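Spelled out, the chains give:
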Amino acid sequence: MLKLYQVRQRAYLKQIFKYLRYVLNDFFVLSLLFAFGGLGLAYSNYLKALKNQPTPSYAPYIMAVILTLVIQFGQLKTLLKPADAVFLLPKEGEIRRYLTRAKRASLVTGVLFTIGCSLVLVPFLLFILKFDRLQVTFICLTAIVLKYFWLSLEEFTLYFEMSKGIKFLFCVVYPFINFLIAALGLGVYALTFSLVGCLLIFIWRQSMGEKQIFLWQQAIGKESSRMMNLYRFFNLFCDVPYVVTSAKRRKYLDFMLPKAHKKRPYYYLFARGLVRSGSFGSLFFRLLVLGGLLLCFLENRYLALLIALIFTYLICFQMGPLKDKYNEIVFTHLYPLTQTDKTRDFAKLMRILMLAVVLLFTICYFAGTRDVKYSLVTGILLLLESYALLKRQSKEK
Amino acid sequence: MILDVENLTGGYFMRPVLKDLSFTVNEGELVGLIGLNGAGKSTTIKHIIGLLQAQSGQILVGETSIKKDPINYKKKLAYIPETPVLYEELTLKEHLEMTIMAYDLDYETAFQKALSLLKIFRLDNKLDWFPANFSKGMKQKVMITCAFMTEAELFIIDEPFLGLDPLATRDLLNLIDQVKQRGAGVLMSTHVLSTAEKYCDRFVMIDQGSLKAKGTLAELRDLYGAKDASLADIYLGMTELAGEEHA
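Residues numbered from 1 in each chain as written. Chains lettered and ligands numbered in written order. Predicted model: local features only at pLDDT ≥ 70, side-chain atom pairs only at ≥ 80, totals over all residues. Heavy atoms only, no water.

## Regarding the interface of chain A and chain B
Stated precisely, the cut-off is as follows: Whether two residues are in contact is decided by their heavy atoms, any of which lying within 4.5 Å being enough. Put simply, buried area is how much 1.4 Å-probe accessible surface two parts lose in total, over both of them, once they are put together. One side-chain nitrogen of Lys or Arg within 4 Å of one carboxyl oxygen of Asp or Glu is enough to make a salt bridge. Side-chain atoms alone can form a polar contact between residues adjacent in sequence; in general such a contact is a pair of N or O atoms within 3.5 Å, and within protein one must be able to donate a hydrogen while the other accepts it. To qualify as a helix, a DSSP run of H or I must reach at least 4 residues; to qualify as a strand, a run of E must reach at least 2; elements of each kind are numbered from the N terminus. For this classification, Asp, Glu, Lys and Arg are treated as charged, while Ala, Val, Leu, Ile, Met, Phe, Trp, Tyr, Cys and Pro are nonpolar and the rest, including Gly, are polar.
Between chain A and chain B, the contact holds 29 residues from the first and 27 residues from the second. Between chain A and chain B, roughly 2,700 Å² of surface is buried when both sides are summed, and carbon and sulfur atoms account for 66% of that area. At the surface where chain A touches chain B, the tally comes to 5 salt bridges. At the boundary of chain A with chain B, the tally comes to 9 residue pairs in polar contact (both at pLDDT 80 or more). Element by element, the count of residues in the side of chain A that touches chain B is highest for helix 10 (residues 265–276) of chain A, at 6 residues. Here the residues of the side of chain A that touches chain B sort into 13 nonpolar, 8 polar and 8 charged.

What follows is the structure, encoded as structure tokens:
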């Protein structure tokens, strides 16, 4: 079982790094650098401004809130898979050792993250809250201890069902109180109090007999959700095969959809595929709204035009794959319909979409720049752009 | 003849899985396509419905060849896959409408027919639901409805009985009987030999991609040389013999 965790961890890390490559592409890294630079500057300005003033009253609460939030990150990575419910059941006795390994691995990342954030907070503690080095050390230690407590609690919930309220109490309220105590200058008490919590967990674990039933379904479910969230994050940067967004009914949009019409089955299908899917419908809507809002607030005529052109291109480009969405459904090949029908119907849908996009963007452009002449020019340019893009799209297979 | 498979040799890419396979399905007939796992039943079906291209030989459905007239060829077919295949974003009603549009059926007649089928399967109150969220059995019933609401001449059903409760099995067999009576042919691939024995008019047995035997139960019994053998006996006997040949 211990070897199993090692093997899985290796595969897991390999997968994470594979996706991280896509996340940390040049653009993103650059924007992150800018963001961190800006934040860092703002932070140091804030510190400089309040350095010589008395501690504001909200400061301890801010510290407590931030630290409580920090320890919520870095979950227990059990790396259990759905098939384990069948294959690993005989190994129920050894699951404890497996979990210990898992907790140790999760502690590494969790504690590192906590330490990192605490270090970032240190200037705040030193200059705003005006603590001495000893207090700061106590606070950092308390954070680490509470992170350990938090992970142990996660482990606890894999054996005993815990209601959401109680879990919240232990995971959020208890650490918050500890941090508040520390924030009020009583670091040593906070540390002691946290250690008491850990002691209780320790006692529980010792008292838990070998026969304690492990909640397989819940544990696997939690791990699956954790992985799903991770995949969803990666899905923002690249196509993750595991992320399958389910269709939403969106009955209120039914009035817009084409009715059953003899000549256009693909149009019927694609329209619904667009409106009701998470990957296409929601994406289209998000890009439309984002682009529209941006344009409404941009006064610079040329910048707004650039944004409008870019967003139009983005929308057209992102909707393209809709054409191939149903290629894996056998009926798409079985129906007595031709490829030409499909291409033609898809082109019709795209034309309507792009027309709506151009119209909306032109209106928003006008709302932002208040220039009729330029708005008309923009509208025409967008139309030309859409025409060119659609032409190219229909030429593709 | 509704379906005429002549000297079909084909398979995946470079590997010919089917070797010189020939059989027919006549009007008003239910033919059982029998074979072990991996014998080539699914491959045969994929060739007939046009997902795979034959390397040699030809397949005619109602005198139409898929190479010469694919649209009309496909209009004559209805297919029920082993595992239900549905559109995630369409409601049950929309799946029906999609079938009507694709096969160019008359809306009113076809829809009424579909509704009567849904009533039999107790799905008529779920027209506005997503079949993608149904249980497996319910999904299969949706597939059956979409197939049997058409005016197809040839029905191809892959492993129909797995996952259907006895009531639905009976209903499906009734439907098959109805289309047989109006002159359509049905090709059914299955492992459930006891049911096949009772309802199929003829059998086509394949093993390792080639035809082992074909005919009615009586003809097969003659071939096998046992007057009272069940289909299962005949099948096991023939494949064992074949196994000895290859051993």
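## Topic: helix 3 (residues 92–102) of chain B
Formally: Working definition: with a 1.4 Å probe on protein chains only, accessible area under 20% of the residue-type maximum means buried, over 50% means exposed, and in between means partly exposed.
Burial within helix 3 of chain B is extensive, with 10 of its 11 residues counted as buried. Burial in helix 3 of chain B covers these residues: Leu92(B), Glu94(B), His95(B), Leu96(B), Glu97(B), Met98(B), Thr99(B), Ile100(B), Met101(B) and Ala102(B). Looking at the packing, one finds that the buried side of helix 3 of chain B touches helix 10 of chain A together with helix 4 (107–120) and helix 5 (136–148) of chain B. In the segment just after helix 3 of chain B, Asp104(B) is the residue with positive phi, at about 60°.

## What about the UniProt feature "domain: ABC transporter" (unreviewed entry) in chain B?
Quick note on the threshold: UniProt positions are given in the numbering used here, feature names are shortened, and annotations may be inferred rather than shown by experiment.
Listed under "domain: ABC transporter" (unreviewed entry) in the UniProt record, and renumbered for this structure, are residues 3–233 of chain B. Along residues 3–233 of chain B, the helical share is 38% and the strand share 26%, with 28 Å between the first and last C-alpha atoms.

## A closer look at the UniProt feature "transmembrane region" (unreviewed entry) in chain A
Residue and element names in this part refer to chain A. According to UniProt, the positions carrying the feature "transmembrane region" (unreviewed entry) are residues 20–46, 58–76, 105–128, 134–153, 188–204, 266–289, 301–317 and 349–368. Between the end C-alpha atoms of residues 58–76 the distance is 32 Å, and the span holds 74% helix and 0% strand. Helix and strand shares over residues 105–128 are 100% and 0% respectively, and the end C-alpha atoms of the span are 35 Å apart.

## Focus: the packing of aromatic side chains
Basically, it comes down to this: Centres within 6.5 Å make a pair out of two Phe, Tyr or Trp rings, where for Trp the six-membered ring is used; the pair is then stacked when the planes are under 30 degrees apart, edge-to-face when over 60, and tilted otherwise.
One pass over the full model with this rule turns up 24 aromatic pairs over all chains. Their ring planes at 80° and their centres at 5.1 Å tell us that Tyr326(A) and Tyr87(B) sit as a pair that is edge-to-face. Placement of the pair is Tyr326(A) in the loop between helix 12 (301–319) and helix 13 (330–334) and Tyr87(B) in the loop between strand 6 (77–80) and helix 3, with the two residues belonging to separate chains. On the accessibility criterion, Tyr326(A) (4% relative accessible area) is buried. Pairing Tyr107(B) with Phe111(B) gives two aromatic rings, centres 5.5 Å apart and planes at 5°, and the pair type is stacked. On the criterion of helical spacing, the pair formed by Tyr107(B) and Phe111(B) is a turn pair, its members being 4 residues apart in helix 4. On the basis of relative accessibility, which here comes to 29%, the residue Tyr107(B) falls in the partly exposed class. Using a relative accessible area of 10% as the deciding quantity, one classes Phe111(B) as buried. Through pairs of rings, three or more aromatic residues link up here, namely Phe156(A), Tyr159(A), Phe160(A), Trp204(A), Phe214(A) and Trp216(A).

## Structural notes on the state of the cysteines
All names here are of chain A. We count it as follows: Put simply, a disulfide is two cysteine sulfurs that come within 2.5 Å.
A complete count under the given rule lists 0 disulfides over all chains for this structure. Between Cys 364, a free cysteine, and Cys 296, which holds the nearest cysteine sulfur, the sulfur-to-sulfur gap is 3.6 Å. Accessibility expressed as a relative area gives 10% for Cys 364, which makes it buried.

## Some thoughts on the packing of helix 6 (residues 133–157) of chain A against helix 8 (residues 187–207) of chain A
All names here are of chain A. We count it as follows: Note on definitions: angles span 0 to 180 degrees between N-to-C directions of axes, and those axes are lines fitted to C-alpha atoms, for helices only across the stretch in contact. Every angle not falling under 35 degrees, over 145, or within 65 to 115 is termed oblique; those three ranges are roughly parallel, roughly antiparallel and roughly perpendicular. Crossing chirality is assigned from the near helix's rotation relative to the far helix, an anticlockwise turn below a right angle marking it left-handed and a clockwise turn marking it right-handed.
Direction vectors running N to C along helix 6 and helix 8 enclose 20°, while the axes themselves pass 9 Å from each other. If you check the angle between helix 6 and helix 8, you find them roughly parallel. In this structure, the crossing between helix 6 and helix 8 has a hand that is left-handed. Facing Gln 135, Phe 138, Leu 141, Thr 142, Val 145, Leu 146, Tyr 148, Phe 149, Ser 152, Leu 153, Glu 155 and Phe 156 of helix 6, the residues of helix 8 in contact are Gly 187, Val 188, Ala 190, Leu 191, Ser 194, Leu 195, Gly 197, Cys 198, Ile 201, Trp 204 and Arg 205. Considering only residue class, the contact of helix 6 with helix 8 consists of 15 nonpolar, 6 polar and 2 charged.

## So, the pairing of strand 10 (residues 210–215) of chain B
Residues and elements named next belong to chain B. Let me state the cut-off plainly: Any two strands are treated as partners once DSSP identifies two or more bridges connecting them.
Inspection of the sheet shows strand 9 (residues 202–207) paired to strand 10 by 5 bridges, in the antiparallel sense. Bridging across to strand 10, Phe 203 finds its partner in Gly 215. Here strand 9 hands over to strand 10 after 2 residues, with Gln 208 in that stretch at a positive phi of 50°.

## Details of the side chain of Ser118(A)
Residues and elements named next belong to chain A. You can see Ser 118 is positioned in helix 5 (residues 95–128). Assessed through its relative accessible area of 5%, Ser 118 is described here as buried. Dropping the residues within four chain positions of it, Ser 118 is found in contact with Leu 67, Cys 140 and Ala 143.

## Remarks on the environment of Gln212(A)
For Gln212(A), the position within the fold is in the loop between helix 8 and helix 9 (216–235). Excluding its chain neighbours within four sequence positions, the residues that come into contact with Gln212(A) are Glu92(A), Tyr159(A) and Phe160(A).

## Structural notes on the nonpolar core
Selection rule: What is meant by a nonpolar core is a set of buried Ala, Val, Leu, Ile, Met, Phe, Trp, Tyr and Cys residues, joined one to another through side-chain atoms within 4.5 Å.
If you look at the biggest cluster of nonpolar residues, it comprises 129 residues, and the most contacted ones within it are Leu3(B), Ile48(B) and Phe148(B). Among the elements that take part in this core, helix 14 (residues 339–369) of chain A stands out by supplying 10 residues, more than any other. Not counting residues within four places of it along the chain, the set of residues in contact with Ile48(B) comprises Leu3(B), Val5(B), Phe23(B), Ile59(B), Tyr73(B), Leu77(B), Leu154(B), Ile156(B) and Leu187(B). Counting 67 residues, the second-largest nonpolar core is a separate cluster that includes Leu107(A), Leu158(A), Tyr174(A) and Val240(A).

## What to know about the environment of Gly379(A)
All names here are of chain A. Position of Gly 379 among the secondary structure elements: in helix 15 (residues 372–395). The spacing of Gly 379 and Ile 363 is 16 residues in sequence and 8.7 Å in space, taken between C-alpha atoms. If we ignore the near neighbours within four places in the chain, the residues touching Gly 379 are Val 358 and Thr 362.

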